[in-house]
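Commentary on secondary and tertiary structure
What follows is the residue order along each chain.
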Amino acid sequence: MNGVAPDARADFEQLFRDTRTDLLAYLMRRSPSAEDAADMLAETYLIAWRKLDAIPTGERARLWLFGVARNLLLKGASRRRSQHALVERLAGELRSAHPPHAPIEDERASALRAALTALPERDREILTLTAWEGLTPKQIAAVMGTPGNIVRVRLHRARTRLKRELTTPRRLIAPRVGYAAGQKTDKLDARA
Amino acid sequence: MAKQDWRRANGSLELLEACDPVERSGLAGEGIEGALEEIGAAITNRPAPSPRATRRRGRRRTVLVVAATMLAISATVATAAVVFSAHTGLFPTKAEQAVGGPGEALNPAAPDFRAVALQIASDIHYPNGYASWRDWVLQTQVASSGVGGPGGSESPFPAGLVSTGALHGWFAASAFCAWVQSWRQASIAGDANATTQAAQTIAQAPRWRAVTDEDPHPDPSAANDPGAVSGTLFGWMLPYRDAVVAGDRARVEHLLATGYGDGKCWLSDPLWMAQVRTHGDAWGRLSQKELAQKYKQFLASGRS
């Protein structure tokens with residue numbers, strides 16, 4: 001075959017199945033386009049495949065993948081788009097499921113987006129990893145390579161800042177955080 | 001505190017959660033799932049990384065995965081390919097260099113590749129008795145860079161090209177490890193001249209051009225990708241160097257057996273690697289610690 005032990009291949013395939021939707025959602029929330037999200041998803045798993053013996057076991061494998069994806073985002077990996085047919089196909093499917101048009105959103109969602117964008121990037125990242133990825137401070141620490149106690153302190157401060165931003169009147173409409181940001185707000189609408 | 005507790009401890013987080021821009025159910029569609037399956041299959045159908053590729057960061061630079069693209073875009077390449085020399089006249093972009101190393105992309109399947117590679121390595125000197133280590137670089141690194149792949153030796157478009165910078169770096173890593181072994185043996189033999197010569201060479205190694213072309217400031221503690229070993233590409237050289245300069249043979253032997261970061265010198269040692277191959281699966285199942293113990297025994301017997 002291709003020189004990979006059957007067990008290692010099976011483990012990787014299982015990891016891929018278990019984590020791909022989480023990783024895709026993570027990248028969708030932070031990428032400027034569906035193409036970028038699809039490309040970085042493929043790149044993340046390709047890096048993992050190349051570093052099979054560096055992937056930790058158990059739950060840490062998922063966090064390790066988040067860390068790789070985060071690094072790609074930080075490095076602006078989307079600039080070196082692969083243009084691979086399979087990536088293009090995934091991007092097409094994502095565009096169909098999440099059309100990149102600006103939605104009509106309610107006042108609360110708009111205010112939250114503005115408040116979020118006004119925060120320092122570090123605060124925004126910890127808050128969104130908590131709220132959107134559902135990660136605990138300990139897990140965020142593993143993804144960011146930061147001590148857990150520091151994440152806890154930062155999360156506390158970030159929540160305080162977000163609260164303050166939400167109660168401060170803003171005139172400007174903040175830009176979207178990522179491709180998917182500002183699209184689906186029906187969950188909020190339903191609660192409004 | 002339970003996850004739900006701390007998440008619900010603040011209303012702004014709940015609001016943020018409600019504003020999640022991605023609807024998870026929208027990612028579970030048949031079309032997206034199918035596309036993901038295909039990507040997964042494409043990845044796992046790729047050739048496996050060589051053991052070295054996953055252990056030493058420089059080995060990741062073995063294959064210029066962009067080779068096919070480069071060949072496709074450059075009209076002049078076709079002319080170069082007809083001649084079928086190791087020199088392709090292709091120079092990767094900066095982004096490509098980050099993956100494949102700097103310099104010209106060489107074709108390892110070309111008949112003159114060995115001569116070209118040795119020319120590139122001509123400024124990398126090995127200690128007496130270690131010439132086989134240089135050949136080992138060509139046998140292993142070039143073999144793992146795609147020669148014999150789909151392109152094969154009969155094709156002007158091999159599966160992988162290798163950059164002169166990466167090749168130069170492999171020779172530097174191999175020679176460095178050879179000098180460390182040489183220093184250890186001279187130290188055991190009480191050969192002061194040989195010990196001094198090896199120590200001087202090792203001390204200068206982090207400033208070799210082959211090293212600084214790829215890693216201008218080797219640093220063993222620099223942060224790296226999550227999950228990867230820390231340190232810059234050649235940062236692993238410094239702990240070896242420091243131990244040698246300090247005359248600390250026990251430390252050198254510990255590093256040789258366990259490696260530092262990505263710097264597992266045993267991977268450059270053809271005698272040891274031959275033993276590893278001989279024992280096949282039996283040693284393949286050993287932990288790194290057990291393998292290190294085997295290498296210590298090898299050092300104590302075969303190399304002393």
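This is a predicted model, so every value here is computed, not measured. Residue numbers here run from 1 along each chain, matching the order of that chain's written sequence. Ligands are numbered from 1 and chains lettered from A, in the order in which they are written. Owing to the predicted nature of the model, reporting of local features is limited to residues with pLDDT of at least 70; listing and counting of side-chain atom pairs is limited to 80 or more, with chain, interface and lining totals taken over all residues.

**Here we look at the overall build of chain B**
Formally: The helix count covers DSSP runs of H or I at least four residues long, the strand count covers runs of E at least two residues long, and both are numbered beginning at the N terminus. Partly exposed residues are those whose C-beta has more than 12 but fewer than 20 other C-beta atoms within 10 Å; 20 or more makes a residue buried and 12 or fewer makes it exposed, with C-beta atoms placed from the backbone. A pair of residues counts as a contact when their C-beta atoms, built from backbone coordinates, are separated by no more than 7 Å.
For chain B, the helix and strand inventory stands at 16 helices and 3 strands. Relative to its 304 residues, chain B shows a buried fraction of 46%. Here the contacts in chain B between residues at least 6 apart in sequence split such that 64% fall between residues at least 24 apart.

**Brief notes about helix H7 (residues 137-144) of chain A**
All names here are of chain A. The element H7 is extensively covered by neighbouring structure, given that 7 of its 8 residues are classed as buried. Those residues of H7 that fall on the buried side of the exposure criterion are Pro137, Gln139, Ile140, Ala141, Ala142, Val143 and Met144. Of the surrounding elements, those touching the buried residues of H7 are helix H3 (59-74), helix H6 (121-131) and helix H8 (148-166). Gly145 occupies a position one or two residues after H7 and carries a positive phi of about 70°.

**Observations concerning the packing of helix H10 (residues 164-189) of chain B against helix H14 (residues 249-258) of chain B**
All names here are of chain B. Note the threshold: Only the stretch in contact is used when a helix axis is fitted, and all axes are lines through C-alpha atoms; the angle between N-to-C directions ranges over 0 to 180 degrees. Roughly parallel covers angles under 35 degrees, roughly antiparallel covers those over 145, roughly perpendicular covers 65 to 115, and oblique covers all other angles. Two helices crossing with the near one rotated counterclockwise from the far one by less than a right angle form a left-handed crossing, whereas a clockwise rotation gives a right-handed crossing. Classes in brief: Ala, Val, Leu, Ile, Met, Phe, Trp, Tyr, Cys and Pro nonpolar; Asp, Glu, Lys and Arg charged; the others, Gly included, polar.
Closest axis-to-axis distance for the H10/H14 pair is 11 Å, and the angle between their directions is 140°. Compared by their axis directions, H10 and H14 come out oblique. Along this stretch, H10 crosses H14, giving a crossing that reads as left-handed. The segment H10 lies against H14, with Val180, Arg184 and Ser187 engaging Arg249, Val252, Glu253 and Leu256. For the contact of H10 with H14, the residue count by class is 3 nonpolar, 1 polar and 3 charged.

**Re the confidence of the model for chain A**
Residues and elements named next belong to chain A. The line we're drawing: Each residue carries a pLDDT score, the predictor's confidence in it, ranging from 0 to 100.
For chain A, per-residue confidence averages 76 on the pLDDT scale, and 74% of positions sit at 70 or higher. Confidence drops under a pLDDT of 50 for residues 170-177, and excluding neighbours within four residues, the segment shows 14 contacts in the predicted structure. Scored below 50 in pLDDT, residues 181-192 shows 31 contacts in the model against residues more than four places distant or in partner chains.

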